[in-house]
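A look at the structure
Residue-level listing of the chains:
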There are 2 protein chains.
Amino acid sequence: MSADSPYIIAPNPADPRLTQTVSGVDERGEPVETSVTVERALTIYLNAQEIVTQMTIGDYPEYLALGYLLNQNMVRPEDVITGIDYDEDLKVVVVRTQRETNFEDKLKKRTQTSGCAQGTTFGDLMEALDDVRLPQAELRTSWLYRLTHAVNTTPSLYLEAGAIHGCVLARADRPLVYMEDVGRHNAVDKIAGWMFLEGESGADKIFYTTGRLTSEMVIKTVRMGIPILVSRSGFTAWGVELARKLGLTLIGRARGKRFVALSGAERIVYDQDLAYVAEESAKNRRKGSREGGDE
Amino acid sequence: MSADSPYIIAPNPADPRLTQTVSGVDERGEPVETSVTVERALTIYLNAQEIVTQMTIGDYPEYLALGYLLNQNMVRPEDVITGIDYDEDLKVVVVRTQRETNFEDKLKKRTQTSGCAQGTTFGDLMEALDDVRLPQAELRTSWLYRLTHAVNTTPSLYLEAGAIHGCVLARADRPLVYMEDVGRHNAVDKIAGWMFLEGESGADKIFYTTGRLTSEMVIKTVRMGIPILVSRSGFTAWGVELARKLGLTLIGRARGKRFVALSGAERIVYDQDLAYVAEESAKNRRKGSREGGDE
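Each value, and the rule that gives it
- Residues numbered from 1 in each chain as written.
- Chains lettered and ligands numbered in written order.
- Predicted model: local features only at pLDDT ≥ 70, side-chain atom pairs only at ≥ 80, totals over all residues.
- Heavy atoms only, no water.
- Pairing = 2+ DSSP bridges.
- Helix = DSSP H or I, 4+ residues; strand = E, 2+ residues; numbered from the N terminus.
- Axes fitted to C-alpha atoms, helices over the stretch in contact; angles between N-to-C directions.
- pLDDT = per-residue confidence, 0-100.
- Contact = heavy atoms within 4.5 Å.
- Buried < 20%, exposed > 50% of the residue type's maximum accessible area, 1.4 Å probe, protein only.
- Polar contact = N/O pair within 3.5 Å; in protein donor to acceptor, adjacent residues only side chain to side chain.
- Parallel < 35°, antiparallel > 145°, perpendicular 65-115°, else oblique.
- Nonpolar A, V, L, I, M, F, W, Y, C, P; charged D, E, K, R; others polar.
- Salt bridge = Lys/Arg side-chain N within 4 Å of Asp/Glu carboxyl O.

1. Looking at the sheet that holds strand 10 (residues 174-181) of chain B
A sheet is described by the order of its strands in space; here 8 strands give the open sequence 2(A)-1(A)-14(B)-13(B)-12(B)-11(B)-9(B)-10(B), paired in mixed fashion. Edge strands, defined here as strands with exactly one partner in the open sheet, are strand 2 (31-37) of chain A together with strand 10 of chain B. Put simply, the sheet's adjacent strands are angled 30° from each other on average, direction ignored.

Below you can see the structure in the form of C-alpha cells.
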C-alpha cells in the first residue's frame, strides 16, 4: 500500500492465495484464461465448542471468527478475549474467552434471515439491540461523494475477479478498513472483529457495503454502534423499518451523484454543490467492470 | 400474463403484497417516494418438526418449503408428499411426508456455505451427489441469447424495486418459471419445489440465475438434475471445481453477446452469428435499471 493511502487495511488483489486462474472458452468458442475468487472452508470454535464452518476467501481468519461470534451475540462486547488461534493446515480458528460459554441449545434452532442468511437467532439479536442508542452524528454529502469515489477506485478483488462482496469502515470521507469476501456477512464480520480487537468505537464511523440493505445488515451495523449505513444497492422493507426503529441513517442506491435516504435523514448535511459531482464513469463503475459484477 | 407469454410462472411486480412504497429524501434533500421489496418470516415444518424460519417475499410458500427441504436433502426425491399446508396468519408452512422424519441431530451442526449460506450440511449434500450423472444435452448459443434477452426484458420485482435475486427455469430458448426472492436460495428452492410437484425433469432444462456461481448454486442445480447453469454474474473457484467434477456446464458473465464457459463447454453448440446479437442496451441492462441493482 502506498504511503498516502487512506487505508489501514485495503484489499490486496495481488495476493496469489485469493484468486486462481482458470481456463475456459468464450462466446466464440475461443480459449480464455480468467481469474476467479477462491473460497475455503474455515471452522470456527468458541472455546471447546465447534460453532460453524464458513466458506471464506480466508484472508483474515481471526477477525472473521471473532466478528462472527460477536455478531451472533455469542461473544459479548464486555467479554475478555484470552486468545485467538488459527491453524492454517486444519483450517480451524479457535476464539477463547475468559467467560465460560455453552451454545449447545442455541445451535439447535436458527432463523435464516434474509439476503444471505447466517443462521442468526433473530430474537436474541433483537433483544441485544434493545439497549442500543446510536449516537448523534453527521453525514456531510461532500464526505459521502469523496468516500464512494475512493471506494470505487480502490483496487480490489471485485475489480480483479468479481463474485465477491465488499464492506468499508470509514470516518468522514476517509475509508479505513476495506474487507471483501464471498459472503457479504463475512466481510462485515471481519470488520467487526477488527474493531473489537483495536478497541475502535463505531460512534464516529460510517459503514459502506456493496450489498443490499437487508434487516441483517441493519442489525449488524447497529451492533457495531455505527450510526450511518450506506450502500450502492437497494433496500428491503424490513431493513428500512428496523433502521427507523433503531435510529440508523440508511442511505441506498448511492451511485454517482444520486442517493436515497429512507431513515435518519436528519443526520445528513447537504454541503456539496452537486454541479461538481461526476456521474459514475464507465471506467469506475463497479457494475460495468471488465469481469462483471455480482448481484 | 398475456396469452403469448412463454412463462408458466412469471414474476408479478404488480402484486401489492410484494412491494411497499416508502418515503425518503434524495441527494438534494427533496422528498421522494420509492418502492421497496417486502420480506416476511416464514417458518417451515417437516411433519411435526420445526426446521427453520426463512425471510422471503412470501409469494409461493408451498414451493419454497418443499424446495428448501429437498435441497437440504431432508425430503428425498423418492418421498411421497402427503400434504403441504400453509397458514397465512401463523406464517407457517408444514410439509408432510409418508416417511417418518427426524432431523434433530442434523439441525445441531451446520456448514455455512458461501455466497448467502443456508446452513447446509455440506457433507450430506455432497454424498447425495455421488450417484448423480447429468444427462447429455446441448446448449445452442442462439437459445442462450434469446433466453437471456427474454429474461432481461421480463417485468420483475428486480426492475420495480431492486434488492432481489432472480432464477429462471428454461427449456431451450423458452423461460418457463421465473422466481424472485430476497435471498437467492429462496428463488432456487421455489423452483425446486415447483419441479417436484409438477414432476418436471431437469434433464432438458437450463437454469439461469442473476446471482454468483458459487458452490452452493452448482450443488442445487445438479440436485435438480439440470445439466446447464447460466449466470450474468461471476464465478468462485470452488463453484468451478465442483461443476467440473459433477459434469455441469457452467456459464458466467453472460451479458449482451459475451459469456465465459468454465466447465462442460462440450455441450455448447455455436450456432449464433454474433454479428446479429446486440450488446445489452442501457434500457434493458438490469444493472443500470432505474432503481439500481444488487450485488
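2. Considerations on the confidence of the model for chain A
In low-pLDDT regions, the fine details of the predicted coordinates are not to be read closely. All names here are of chain A. Within chain A, residue pLDDT values average 86, and 85% of them lie at 70 or more. Summarising per-element confidence for chain A, the mean pLDDT is lowest in strand 7 (residues 111-112) (44) and highest in strand 12 (residues 228-231) (98). Note that residues 109-121 has pLDDT below 50 and, in this model, 70 contacts with residues that lie over four places away or in other chains. For this predicted complex, the interface confidence reaches an ipTM of 0.81, while the overall pTM sits at 0.84.

3. Comments concerning the sheet that holds strand 1 (residues 19-26) of chain B
Taken together, the 8 strands give an open sheet; going across it, the order is 10(A)-9(A)-11(A)-12(A)-13(A)-14(A)-1(B)-2(B), and neighbouring strands pair in mixed fashion. Lying at the two open borders of the sheet, with one neighbouring strand each, are strand 10 (174-181) of chain A together with strand 2 (31-37) of chain B. Put simply, the sheet's adjacent strands are angled 30° from each other on average, direction ignored. With 3 bridges joining them, strand 12 of chain A and strand 13 (residues 249-255) of chain A adopt parallel strand pairing. Following the sheet pairing, I228 of chain A is matched in strand 13 of chain A by T249 of chain A. Its contacts with the sheet place helix 7 (residues 237-246) of chain A against strand 13 and strand 14 (258-263) of chain A together with strand 1 and strand 2 of chain B, and it is angled at close to 60° to strand 14 of chain A.

4. Brief notes about unusual backbone geometry
Peptide bonds are trans in most cases, and residues, glycine excluded, mostly fall at negative phi. Residues and elements named next belong to chain A. Phi angles above zero are rare outside glycine, and K91 is one such case at about 60°. Relative to the helices and strands, K91 is located in the loop between strand 5 (81-87) and strand 6 (92-97). One non-glycine residue, A172, lies in positive phi territory at about 50°. With respect to the secondary-structure elements, A172 resides in the loop between strand 9 (165-171) and strand 10.

5. Topic: the side chain of N71 of chain A
All names here are of chain A. Residue placement: N71 occurs in helix 1 (residues 61-71). The exposure class of N71 is buried, given its relative accessible area of 2%. Side chain to side chain, N71 and D189 meet in a polar contact 2.6 Å long.

6. Structural notes on the packing of helix 1 of chain A against helix 5 (residues 184-198) of chain A
Residues and elements named next belong to chain A. One can describe the packing of helix 1 onto helix 5 by two numbers: an axis separation of 6 Å at closest approach and a directional angle of 95°. Between helix 1 and helix 5, the angle is such that the two are roughly perpendicular. Where helix 1 approaches helix 5, its residues Y63, L64, L66, G67, Y68, L70 and N71 are matched on the opposing element by N186, V188, D189, K190, A192, G193, W194, F196, L197 and E198. Tallied by class, the residues present in the contact of helix 1 with helix 5 amount to 10 nonpolar, 4 polar and 3 charged.

7. Focus on the pattern of salt bridges
Applying the stated criterion to the full structure yields 24 salt bridges over all chains. A salt bridge links D204 of chain B to R171 of chain B, with the nearest nitrogen and oxygen atoms 3.0 Å apart. Highlighted residues: D204 of chain B in the loop between helix 5 (184-198) and strand 11 (206-209) and R171 of chain B in strand 9 (residues 165-171), separated in sequence by 33 residues. By relative accessible area, R171 of chain B is classed as partly exposed at 32%. Across the pair K205 of chain B and E200 of chain B runs a salt bridge, and its minimum N-O distance is 2.7 Å. Here E200 of chain B falls in the partly exposed class, since its relative accessible area comes to 25%. Within the structure, one salt-bridge network assembled from shared partners comprises R171, E200, D204 and K205 of chain A.

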